[in-house]
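Take a look at the letters that make up each chain.
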Amino acid sequence: MVLRMIIGLGLTVAAFALAGQRLWWLKRLAFTGQPAPERVDYAKDHLGIDLKTQLTEVIGQRKLLKWSVPGAAHAATFWGFIVLLLTIIEAYGSLFQRTFSIPGIGQWAAIGFIEDLFAVGVLAGIITFTVIRIRNNPHKEGRASRFFGSHTRAAWVVLAMISAVIVTLLIYRGAQENTGVFPYEHDGAWPFASWVVGKWLHPLGYGVNSVLEVVFILAQLGVIMAFLVVVFYSKHLHIFLAGLNVLFSRRPDALGPLEPMRSAGKVLDFEEADPDTDVFGIGKVEDLTWKGMLDLGTCTECGRCQSQCPAWVTGKPLSPKQLILDLRDHAFAKAPYLLADADGRVGLSEAVLAEAERPLVGPMSENGVIDPEVIWACTNCGACVNECPVDIEHIDHINGMRRHQVLIESAFPQEATTMLNNLERRGNPWGMAEDKRLEWITELDFEVPVLDGKIPDDVEYLYWVGCAGALEDRAKKATKAIAELLNVAGVKFAVLGPMEACTGDPARRLGNEFVFNMLAQQNIETLNDAGVAKSTGKKVIASCPHCFNTISREYPQLGGNYEVVHHTQLLAKLVADGKLTPVNPVEEKITYHDPCFLGRHNKVYTPPREIIDAVPGTQAEEMHRCKGRGFCCGAGGARMWLEERTGKRINEERIDEALALDPDTVSTACPYCMVMLGDAVNAKKAAGQAKPTLEVIDVAQLLVRSIRLREGASEAAEGTGTAEGAGA
């Protein structure tokens, strides 16, 4: 007894010393990052939400279970280890007393059964993981494997260690069955797995089983302690960090608005900020906040983000997973430099000093950590954030690096220069004159009020048309259809016309926070002067999901608070209330494309589908990638104004998925999507790969075709949305 006590406790002390040393090192490294007081304040102020999130996402494994088979396997393993904490207590107790049982519950048949059930569940999970990894072997599948780029050898080691934990557990419990010291020996076959193993070992006799009992109790503790150390030195660090990362992650998620730029934990004031002393975006790995550092350590390398990323799927160098791993590897390699003081850095090795000098963003020729093409390939679609089971905030990190490249390095795709200049000089990405914003109104046969001052008391809605909706030919057809429907429904609305400017979304998503702030403050002043602040009870209609997201969720960061509805939400309500009644059948097969900034970023999935379903004759069919897993059109993240030179075009990938359904119409609810998908359809038509009648339209255009309009209705009802237009 004394010897096994010494061995067991010695292993424990050694393991805890190694793990504790590593944990302290990781904590110090994390806090070399920027402070993030807003994360701590939010967690303190929303304890109820935090508890619910921990129960659903961490304990409940909500995100993991979206992928049924691997999710169930992980849940079985995770829950198994929680339950098997009881067996660890029993193993330690056995070091001191062979007949040890947990006081109170240690001899209940149900406990023995549950322990064995979850032990078998863990083994089943490990077998499932093994099959999944063999079938998705990156050495055979290449980029198609979600494990491409992951540390696969370490994963196999961990799977082997988890298996060893369960095997040693069942062997020592089976041996205890035969030596008469098993806590549940009077419960028959309730601890069924231990009972079966005991039957296998019984022929070996009491003496051998006594030896097996001791050896495998120590082996059990040895494997667990070794696993503890391995966890702190491997990707399985997420076992201990996931709960923390989820606790301090953005709520409801890291989608929708981008975070404002901060330095030393405070929001930057551009009038006072100094690039020499303040942090502008992420230019060095230590410019990440401690929450960003926590993201790096929490990555499980599961590759779910990678498998859903439109850039990766279409052959581009951006893998959200690999981005996080490259940052993590760099942070770990640079750690001695970050953790040393000025005197200590003098004696560091050349390798560490060289790592410290690496540019965070730079081409391979400059030994950059992240290639520039990686950060500029991102569409900000949010698929990575949506899929990540541990709430890593990929978009925030990518846009942080973009901000530094644009504002400090002036290094960004050359073609974006024109767009930024147009935003500054003309207030729209195309550089068109202000009076062009009113041209669509002249094509209607009814009057649309244009505000010149405050909105009248009897007008409930301000229609924010947006740059594309006012200036791009295909999007203008959707704008006219929306106006026509509002007019038919008797909804009183007005527009800003030339007083409207770009919301700043393209500038912000590109990384030019300065231009975004300039445009946002200008628009906030305009909207407040128009009398549509949230406190007035007036509402803003936005037909562009990017405008919808920016005005409703980003302008509050600058003091602009408005009640904003997307046009599909309002139109669906008007149909439901009987103010719009679709009558004319539209005998077409229709597939709906979810705009990322309407769907994933703002969770508006149902209203557009309700509109389609309300139109008589339509046959709606979903693409495989839809709703939360919808596939991007390729325009977000300012990609609308950037060239796509590598791999397959994202919009063509999406249209290929639509063409597999042989639809008559591809419908959407975003002007960006209309342009991108319309371009792809035109390319397919030119190549003879799509039928000539295939069209891309907004759901409002579909609805207006079915509404019985008065004589002389506008051409909006007939717009197909596939003609060439400005900015295509």
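Residues numbered from 1 in each chain as written. Predicted model: local features only at pLDDT ≥ 70, side-chain atom pairs only at ≥ 80, totals over all residues. Heavy atoms only, no water.

## A closer look at the overall build of the chain
As a reminder of what qualifies: Here a helix means four or more residues in a row that DSSP labels H or I, a strand means two or more in a row labelled E, and each is numbered from the N terminus. Values of the radius of gyration come from C-alpha atoms, whereas the globule rule sets the reference at 2.2 Å times the count of residues to the power 0.38. Relative accessible area decides the class of each residue, using a 1.4 Å probe on protein chains only: under 20% of the type maximum gives buried, over 50% gives exposed, and in between gives partly exposed. In these tables, accessible area is a Shrake-Rupley quantity obtained with a 1.4 Å probe, and a residue counts as shielded only by the protein chains included in the view.
Within the chain, the regular secondary structure consists of 32 helices and ten strands. For the chain, the C-alpha radius of gyration of 30 Å lies close to 27 Å, the compact-globule estimate for 728 residues. When the backbone C-alpha atoms are referred to their principal axes, the chain occupies close to 100 × 65 × 50 Å. Expressed as a percentage of the 728 residues in the chain, the buried residues total 59%. Carbon and sulfur atoms make up 58% of the accessible area of the chain, which totals about 29,300 Å².

## As for helix 28 (residues 567-576)
The element helix 28 is largely enclosed, with a buried count of seven among its ten residues. Restricting attention to buried positions, one finds in helix 28 the residues His-567, Thr-568, Leu-570, Leu-571, Ala-572, Leu-574 and Val-575.

## What to know about the pairing of strand 7 (residues 589-592)
Operational definition: If DSSP finds at least two bridges between two strands, the strands pair. Looking down the strands as they point away from you, a crossover is right-handed if its path from the first strand over the helix to the second goes clockwise.
Note: strand 7 against strand 8 (residues 619-620), two bridges, orientation parallel. Of the residues in strand 8, the one forming a bridge with Lys-589 is Gln-619. Handedness of the crossover joining strand 7 and strand 8 through helix 29 (residues 606-614): right-handed. Where strand 7 and strand 9 (residues 665-668) come together, three bridges link them in parallel fashion. The partner of Thr-591 across the bridge, within strand 9, is Val-666.

## Some words on empty space enclosed by the protein
Let me state the cut-off plainly: Of the two site types, the cavity is a set of points on a 1 Å grid over the protein atoms alone where a 1.4 Å probe fits but cannot get out, and the pocket is an open set with protein on both sides within 12 Å along at least five of seven lines, each lined by residues with an atom within 4 Å of a point. Grid points are joined across faces, edges and corners, and a volume is the space filled by probe spheres set on the points.
Per the counting criterion, the structure on display carries nine cavities of 30 Å³ or more. Its volume calculated, the largest cavity comes out at about 390 Å³. Along its surface, the largest cavity is lined by 27 residues, and Glu-259, Pro-260, Ile-282, Thr-289 and Asp-396 are the ones closest to its centre. Those elements that provide at least two residues to the lining of the largest cavity are helix 2 (37-45), strand 1 (262-263), helix 12 (290-298) and helix 20 (394-407). Considering every element that reaches the lining of the largest cavity, the biggest residue donor is helix 20, with five residues.

## Here we look at the pattern of salt bridges
As a reminder of what qualifies: In what follows, salt bridge is the name for a side-chain nitrogen of Lys or Arg lying within 4 Å of a carboxyl oxygen of Asp or Glu.
On inspection of all chains with the given rule, the structure shows 50 salt bridges. We note a salt bridge from Arg-645 to Glu-415, for which the minimum N-O separation is 3.5 Å. Here Arg-645 is found in the loop between strand 8 and helix 30 (650-659), whereas its partner Glu-415 is found in the loop between helix 20 and helix 21 (416-426), with 230 residues between them in sequence. Of the residues examined, Arg-645 reaches a relative accessible area of 65% and is grouped as exposed. A single salt-bridge network, built from bridges that share partners, covers Glu-38, Arg-39, Arg-250, Glu-259, Arg-262, Lys-291, Asp-295, Glu-393 and Asp-396.

## Thoughts on the sheet that holds strand 4 (residues 493-495)
To be explicit about the condition: Working convention: axes come from line fits to C-alpha atoms, limited for helices to the stretch in contact. Angles between N-to-C directions cover 0 to 180 degrees. In what follows, residue pairs with any heavy atoms lying within 4.5 Å of each other are defined as contacts.
The parallel open sheet is built from four strands, whose spatial order is 4-3-5-6. Each edge of the open sheet is held by one strand with a lone partner, namely strand 4 and strand 6 (564-566). Averaged over all neighbouring strand pairs, the angle between strand axes comes to 35 degrees, with direction disregarded. In this sheet, strand 4 lies alongside strand 3 (residues 461-464) in parallel orientation, the contact comprising three bridges. Each bridged residue has a counterpart across the sheet, and for Tyr-463 the counterpart in strand 4 is Val-495. With respect to the sheet, helix 28 is in contact with strand 3, strand 5 (539-542) and strand 6, its orientation differing from that of strand 6 by roughly 75 degrees.

## Here's the deal with the layout of surface pockets
Spelled out, the test is: Residue polarity follows a fixed list, in which Ala, Val, Leu, Ile, Met, Phe, Trp, Tyr, Cys and Pro are nonpolar, Asp, Glu, Lys and Arg are charged, and the others, Gly among them, are polar.
Here the largest pocket defines a volume of roughly 1,200 Å³. Taken together, 43 residues line the largest pocket, and the ones lying closest to its centre are His-74, Phe-78, His-236, His-238 and Ile-239. A breakdown of the residues in the lining of the largest pocket according to their chemical character gives 29 nonpolar, seven polar and seven charged. One number sums up the size of the second largest pocket: a volume of about 410 Å³. Along its surface, the second largest pocket is lined by 19 residues, and Leu-26, Lys-27, Ala-30, Leu-241 and Leu-294 are the ones closest to its centre. Elements with a contribution of two residues or more to the lining of the second largest pocket: helix 1 (2-30), helix 11 (238-247), helix 12 and helix 15 (320-339).

## Points about the nonpolar core
Test applied: By nonpolar core we mean a set of buried residues, namely Ala, Val, Leu, Ile, Met, Phe, Trp, Tyr and Cys, connected to one another through side-chain atoms within 4.5 Å.
Trp-440 and Tyr-562 are the most contacted members of the largest nonpolar core, which has 138 residues in total. With eight residues, helix 15 is the single largest residue contributor to this core. With residues up to four places along the chain from it excluded, the contact list for Trp-440 reads Val-448, Tyr-463, Val-465, Ala-470, Lys-476, Thr-479, Lys-480, Ala-483 and Val-495. Counting 44 residues, the second largest nonpolar core, distinct from the first, contains Ala-36, Leu-95, Ala-119 and Ile-162.

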